[in-house]
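# Inside the fold
One letter stands for each residue in the lines below.
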Protein chains: 2
Amino acid sequence: MAEARIKSRAEDYAQWYQDVIAQADLAEVAGVVKGCMVIKPHGYAIWEAMQKDLDRRFKETGHKNAMFPLLIPMSFLEKEAEHVEGFAPELAVVTHAGGKELEEAYCIRPTSETIIGHFFAKWIDSHRDLPLLINQWANVMRWELRTRLFLRTGEFLWQEGHTAHSTHEEAKEEVVRMLETYRDFAHEIMAMPVICGIKSANERFAGALETLTIEGMMQDGKALQCGTSHDLGQNFGKAFDVTFQNAEGERDYVWQTSWGVSTRLVGALIMTHSDDDGLVLPPKLAPIHVVIVPIYRKDDERDAVLEAAHRIAKDLRSDGLNVEVDARTGMKPGAKYYDWERKGVPMRLELGPRDLEAKSVMCKMRLAETDENGRAVKETLSWDDLGLEVGKRLDAFQDFLYQRALAMREAGTIVVDTWEEFTAAFEDGKSSFVYAHWDGTTETELAIKEATKATLRCVPLPGNGPEPSPGKCVKTGQPSAQRVLFSKNY
Amino acid sequence: MAEARIKSRAEDYAQWYQDVIAQADLAEVAGVVKGCMVIKPHGYAIWEAMQKDLDRRFKETGHKNAMFPLLIPMSFLEKEAEHVEGFAPELAVVTHAGGKELEEAYCIRPTSETIIGHFFAKWIDSHRDLPLLINQWANVMRWELRTRLFLRTGEFLWQEGHTAHSTHEEAKEEVVRMLETYRDFAHEIMAMPVICGIKSANERFAGALETLTIEGMMQDGKALQCGTSHDLGQNFGKAFDVTFQNAEGERDYVWQTSWGVSTRLVGALIMTHSDDDGLVLPPKLAPIHVVIVPIYRKDDERDAVLEAAHRIAKDLRSDGLNVEVDARTGMKPGAKYYDWERKGVPMRLELGPRDLEAKSVMCKMRLAETDENGRAVKETLSWDDLGLEVGKRLDAFQDFLYQRALAMREAGTIVVDTWEEFTAAFEDGKSSFVYAHWDGTTETELAIKEATKATLRCVPLPGNGPEPSPGKCVKTGQPSAQRVLFSKNY
């Protein structure tokens, strides 16, 4: 009966996503603050694990964290024409403060290029001040009409990198470096394969010369933009007068980049790995790696079992694992199993009186196969070398998740040459990753979207998608240099 | 000449504080956003070090992090009468969003008791859901008229703990536990002694039954409230209908606490330890523990010195230290010394060709004494056991800072019995920690403030301040159970 609380993906994918979040107790719709969410402890712990790993990567590549104001004078946004056009409709505006109406209204930052540009202009004077490599962990706000937990919310948490360089070349290297940092994080930590590519002019960040993206495939075949890295050129440098004296003694505008990932990644994680039983977490992001469920029928068995459970937990913790002993009373083991499964704990260890005698535990992985009787396959692990054996299985689980997600994406990817093949891929609410030739115009891109709801996700970078080869646009028959990636998207 | 950029404390204490911040490149006034600040990388790194240690302490005491909305419906604040009275004058208000005027305005959170109360009401149903122990790392906004970097700014970063309990007893234990957590952090990590005490009704958090505080003494003898822990009683429980079914099956309102420290602690750190040469940092919060300055006159000496510097840096890093090699060219060693001194790096190692021959380094601590010639005392340290010797000196430096701050506070603390003694302590802009009897009324508290500008900082908890003994109020002569702490304050 309890199982029925999560709708199956086949039945209602959108409801499944919400149910997984609710049952794993990750987050909830704020309700009283339109479009916003509350991230509950289990969801926040996943975000913290992401932050910790990303922050290390940013620091290793020379970036330093800082804090800029939450509020931005409205006039700042107007200094970059494309930027204000892109963000103005989504702004939340502070008009009153300290009991008075403000002379100039502020918006709550939707992103911080403008306010950071203002300070970069104060801080940068010479080529010796460059590169300036800054990151900010912050909340931002975009007043969206249609919201969905983690994927699109009015307020969200993110990091935004902002850098300034003395040459365009160097800025472009930074843009690629940070995209690759995101890709490596997605692959190694999230166990989520992504396609790296270049956004079309139509999908580009408002104010950028070029936007690079990592795109993941969700289980319904739709794409999710998981992170972006922007070449801002000298656009913001000119808007905010960020100049430097170069080695030749001439003043020039700096070349800037910005790049960000957000709590949307928690949504990406859910939709990449979870199943009809609930959340599935890669060990590298799991707030709890192992749960130990003590099993006893009589009270006189209880103490010995609990003592052993806590001893094993302590040993595993000394190996750097996060371990929980579920000693709740008045709850049957089966109910505990169900509770931790839907919360995505990768490994469960069951420990009863017989296991104590045998000095072993029963190990059940979150995605254990079932035997011919439909029962989950469990393994007996000896107390000797338990840390080593648990570690091996968690590493294998991390790897398995990546391989499974990769196989899912490959199975859901097609290369097409005709408009018929193209439209067939998106009929009846279906989606997949479709590589097709495109003539390079926004007009055709929009016509394709109009006809199929598929959007141009990116022009794949080398090593992503099929080998580049020239061809003809599936829609117009005009020449095309390489196939690009189309998909429906979140 | 460069030295003159920091005003001495004796000359202009307020300017000294600003100069230390500017010269250490910690933060700056935002200017374009009224009363707000930008925290620059070196200042943010100190805050990150504070966060890391505090977060560990919060988790060890069973708290979990979460995220609640930045915006709070205005009507929420009005649900707790004292709370809205306390915070309404300082609110920043969002009236428009998504291009439209909002039906109900939101304020940017000045603190989150109200919005969290709303969600606690949804999450708590039974005594089994209690205690609920939540913490949030967040930005908050209070539109203040008079601001000062770190100490009082429109927007600031903080953590706010919010907990709910089934009994008042348990909530009161939590309030003390978290105050003691703050005290231990201040003593062990910030090297800053604090007085723990109870706030008077007049200084209490708006909506609390009781507020506990830690108060530090700054170098001008003024007090700084460094952290507070509140017993909210059932006030917010009643305002937001947060009820639970107790073990006897009856519904009751939960007992709540909240507690917080903020980026103000960076200001406290500066004003506790820094001197006329700039920032002084305790090693446990120093983003850089050791800077190595390579010294060479000829280019052919350069490679060998730099190679040794990097090798030593690598060794020290493997001991867990943050080490910087200052290999900047076109800058004399003296200028580098000055640069790192004002940034508060606890230890400098100088390394030249002769040191290479002797397999040693010259070690200079940030607060090294000067010899009879006025030169800083330096020590020769052998490359053998360097990590151990450096570690010892950093530990000793941490301890020295605490002892020095404690001695400063003791020297600036007096116990008085008469109004003449009391007023003398605050004449001519002076301040110190003054323990005096008080009759317990707000009327007298305000009269004392009016006459002397001294405020009642707290009623000290046992073990803080002089042994409690009864006496007569210095102002009214009415009976008093124990002396309380008065000081001017930030």
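Just so you know, the residues in each chain are numbered from 1, in the order the chain's sequence is written. Each chain takes a letter, starting from A, and each ligand takes a number, starting from 1, following the order in which they are written. A pLDDT threshold of at least 70 governs which residues receive local features in this predicted model, and a stricter bar of 80 or more applies before side-chain atom pairs are shown or counted, although totals over entire chains, interfaces and linings include all residues. To obtain the side-chain values, all non-hydrogen atoms of the structure were included, while hydrogens and water were left out.

## Points about the sheet that holds strand 18 (residues 360–365) of chain A
All names here are of chain A. For the record, the criterion: DSSP bridges decide pairing: two strands pair if at least two such bridges lie between them. Per the convention used, a helix needs a DSSP run of H or I reaching at least four residues, while a strand needs a run of E reaching at least two, with both numbered from the N terminus. Angular values range over 0 to 180 degrees, each being the angle between N-to-C directions of two axes fitted as lines to C-alpha atoms, with helices fitted over their stretch in contact.
Strand order across the open sheet formed by five strands is 16-15-17-18-19, with mixed pairing between neighbours. Whereas interior strands pair on both sides, the edge strands pair on one side only; in this sheet they are strand 16 (323–325) and strand 19 (379–382). Along the sheet, successive strands turn relative to each other by an average axial angle of 30°, direction set aside. The pairing of strand 18 with strand 19 spans four bridges and is antiparallel. When the sheet's bridge partners are listed, serine 360 is paired in strand 19 with serine 382.

## Observations concerning the interface of chain A and chain B
Here is the rule we go by: Any two residues having at least one pair of non-hydrogen atoms within 4.5 Å are treated as being in contact. Within this document, salt bridges are pairs made up of a side-chain nitrogen of Lys or Arg and a carboxyl oxygen of Asp or Glu, the two lying within 4 Å of each other. N or O atoms within 3.5 Å of each other form a polar contact, as long as, within protein, one can give a hydrogen and the other can take it, and as long as residues adjacent in sequence are counted only when both atoms are side-chain atoms. Amino acids are sorted into nonpolar (Ala, Val, Leu, Ile, Met, Phe, Trp, Tyr, Cys and Pro), charged (Asp, Glu, Lys and Arg) and polar (every other residue, Gly among them).
Between chain A and chain B, the residue contacts involve 50 residues of the former and 50 residues of the latter. Scanning the region where chain A abuts chain B turns up four salt bridges. A salt bridge links A:Glu28 to B:Lys122; the nearest nitrogen and oxygen atoms lie 3.4 Å apart. If you look at where chain A meets chain B, you find 22 residue pairs in polar contact (both at pLDDT 80 or more). Residues belonging to the side of chain A that touches chain B are distributed by class as follows: 33 nonpolar, seven polar and 10 charged. For strand 5 (residues 92–97) of chain A and strand 5 (residues 92–97) of chain B, the ladder comprises five bridges, and the chain directions are antiparallel. Opposite A:Ala97, over in strand 5 of chain B, you have B:Ala92 as the bridge partner.

## Concerning the packing of helix 2 (residues 41–60) of chain B against helix 8 (residues 264–273) of chain B
Residue and element names in this part refer to chain B. As a reminder, the rule being used: Oblique is the label for any angle not under 35 degrees, not over 145, and not in the 65 to 115 range, which are roughly parallel, roughly antiparallel and roughly perpendicular in turn.
The geometry of helix 2 relative to helix 8 is characterised by a closest axis approach of 10 Å and an angle of 105° between their N-to-C directions. Here helix 8 runs roughly perpendicular to helix 2, going by the angle between their axes. Only Leu265, Val266 and Leu269 of helix 8 make contact with helix 2, whose side of the interface consists of Ile46, Trp47 and Met50. Split by residue class, the contact of helix 2 with helix 8 holds six nonpolar, no polar and no charged.

## Overview of the relation of the copies chain A and chain B
Cut-off, in case you're wondering: The superposition of copies rests on a least-squares fit of C-alpha positions from residues with pLDDT of 70 or more in both.
Screw-axis analysis of chain A against chain B gives a translation of 0.0 Å along the axis, an RMSD of 0.0 Å, and a rotation angle of 180°. The symmetry that links the two subunits is that of a two-fold axis. Taking C-alpha positions as the reference, the residue of chain A nearest the rotation axis is A:Val94, at 2.1 Å. Most of the interface of chain A is mirrored in chain B: 100% of its interface residues are interface residues there too.

## A closer look at the state of the cysteines
Applicable threshold: In what follows, a disulfide is any cysteine sulfur pair within 2.5 Å. In this scheme, a residue with accessible area under 20% of its type's maximum is buried, one over 50% is exposed, and one in between is partly exposed, where area comes from a 1.4 Å probe on protein chains only.
Taken as a whole and judged by the stated rule, the model has zero disulfides over all chains. Cysteine A:Cys226 is unpaired, with the sulfur of A:Cys196 as its nearest cysteine sulfur at 11 Å. A relative accessible area of 4% places A:Cys226 in the buried class. Counting only cysteine sulfurs, B:Cys458 is the nearest neighbor of B:Cys196, a cysteine outside any disulfide, at a range of 8.2 Å.

## Notes on the packing of aromatic side chains
Residue and element names in this part refer to chain A. What counts, and what does not: Two rings from Phe, Tyr or Trp (for Trp, the six-membered ring) form a pair when their centres sit within 6.5 Å of each other. Planes less than 30 degrees apart are called stacked, planes more than 60 degrees apart edge-to-face, and all others tilted. A ring is considered to have a charge above it if a Lys NZ or an Arg CZ atom is located within 6 Å of its centre and within 35 degrees of its normal.
On inspection of all chains with the given rule, the structure shows 34 aromatic pairs over all chains. Pairing phenylalanine 156 with tryptophan 158 gives two aromatic rings, centres 5.8 Å apart and planes at 85°, and the pair type is edge-to-face. Note on accessibility: phenylalanine 156 and tryptophan 158 belong to one class, buried. Each member of the aromatic cluster is reached from another via a ring pair, and the members are Trp47, Phe58, Trp137, Tyr182 and Trp259. Its guanidinium or amino end placed over the ring of phenylalanine 76, lysine 79 lies 5.2 Å from that ring's centre, counting from NZ or CZ. Directly above the aromatic system of tryptophan 340 lies the positively charged group of lysine 343, at a separation of 5.6 Å from the ring centroid.

## Remarks on the domain arrangement of chain A
The criterion, for reference: Each domain's limits were defined by an automated method or a database of domain assignments.
Domain parsing of chain A yields domain 1 (2–273), domain 2 (290–393) and domain 3 (413–487). Computed from C-alpha atoms alone, the centre-to-centre distance between domain 1 of chain A and domain 2 of chain A is 40 Å.

## As for the pattern of salt bridges
Inspection of the entire model under this criterion finds 66 salt bridges over all chains. For B:Lys59, the salt bridge identified is with A:Glu48, shortest N-O distance 3.1 Å. Taken together, the positions of B:Lys59 in helix 2 and A:Glu48 in helix 2 (residues 41–60) put the pair across two chains. Judged by its relative accessible area of 19%, A:Glu48 is buried. Residue B:Arg251 is joined to B:Asp125 by a salt bridge in which the shortest nitrogen-to-oxygen separation is 3.2 Å. Remark: B:Asp125 occurs in the loop between helix 5 (113–123) and strand 7 (132–141) and B:Arg251 occurs in strand 13 (residues 251–253); sequence separation between them is 126 residues.

## Observations regarding empty space enclosed by the protein
A probe as big as a water molecule, rolled over the atoms, marks out the empty space that is left. Our working rule: Grid points spaced at 1 Å and placed over the protein atoms alone form the basis of the search, with a cavity being a set where a 1.4 Å probe fits but cannot get out and a pocket an open set showing protein on both sides within 12 Å along at least five of seven lines. Lining residues have an atom within 4 Å of a point. Grid points are joined across faces, edges and corners, and a volume is the space filled by probe spheres set on the points.
In the structure shown here, the tally under the stated rule is five cavities of 30 Å³ or more. Roughly 60 Å³ of volume is contained in the largest cavity. What lines the largest cavity is B:Val291, B:Tyr337, B:Trp340, B:Glu341, B:Val345, B:Pro346, B:Met347, B:Arg348, B:Lys364, B:Met365 and B:Arg366. At the level of elements, helix 10 (333–342), strand 17 (347–351) and strand 18 (360–365) of chain B are the ones that each hand at least two residues to the lining of the largest cavity. Here the second largest cavity defines a volume of roughly 50 Å³. Looking at the second largest cavity, the residues that line it are A:Val291, A:Tyr337, A:Trp340, A:Glu341, A:Val345, A:Pro346, A:Met347, A:Arg348, A:Lys364, A:Met365 and A:Arg366. Listing elements by their share of the lining of the second largest cavity, those giving two or more residues are helix 10 (333–342), strand 17 (347–351) and strand 18 of chain A. For the lining of the second largest cavity, the element with the highest residue contribution is helix 10 of chain A, accounting for three residues. Here the residues of the lining of the second largest cavity are counted per class, giving seven nonpolar, no polar and four charged.

## Focus: helix 1 (residues 13–23) of chain B
Residue and element names in this part refer to chain B. For helix 1, the set of buried residues is Tyr13, Trp16, Tyr17, Asp19, Val20, Ile21 and Gln23. Buried residues along helix 1 sit against strand 1 (27–29), helix 8 and helix 10. A positive phi of about 60° marks aspartate 25, the residue just after helix 1.

## Concerning the UniProt feature "domain: Aminoacyl-transfer RNA synthetases class-II family profile" (unreviewed entry) in chain A
Quick reminder of the rule: UniProt positions are given in the numbering used here, feature names are shortened, and annotations may be inferred rather than shown by experiment.
Annotation from UniProt places "domain: Aminoacyl-transfer RNA synthetases class-II family profile" (unreviewed entry) at residues 28–282 of chain A. End-to-end, the C-alpha atoms of residues 28–282 of chain A are 22 Å apart, and along that stretch the chain is 31% helix and 33% strand.

## Quick word on the packing of helix 1 of chain B against helix 8 of chain B
Residue and element names in this part refer to chain B. Note the following rule: By definition, turning the near helix anticlockwise from the far helix through less than a right angle yields a left-handed crossing, and turning it clockwise yields a right-handed one.
Between helix 1 and helix 8, the least distance of the axes is 11 Å, while the angle of their chain directions is 115°. It follows from the interaxial angle that helix 1 and helix 8 lie roughly perpendicular. As helix 1 runs across helix 8, the sense of the crossing is right-handed. In this structure, helix 1 uses Tyr13, Trp16, Tyr17, Val20 and Ile21 to contact helix 8, whose residues at the interface are Gly267, Ile270 and Met271. Its residues assigned to classes, the contact of helix 1 with helix 8 shows seven nonpolar, one polar and no charged.

## Concerning the environment of B:Ala81
Residue and element names in this part refer to chain B. Here alanine 81 lies in helix 4 (residues 81–87). On the accessibility criterion, alanine 81 (56% relative accessible area) is exposed. Taking C-alpha positions, alanine 81 is 43 Å from leucine 279, a pair spaced 198 residues apart along the chain.

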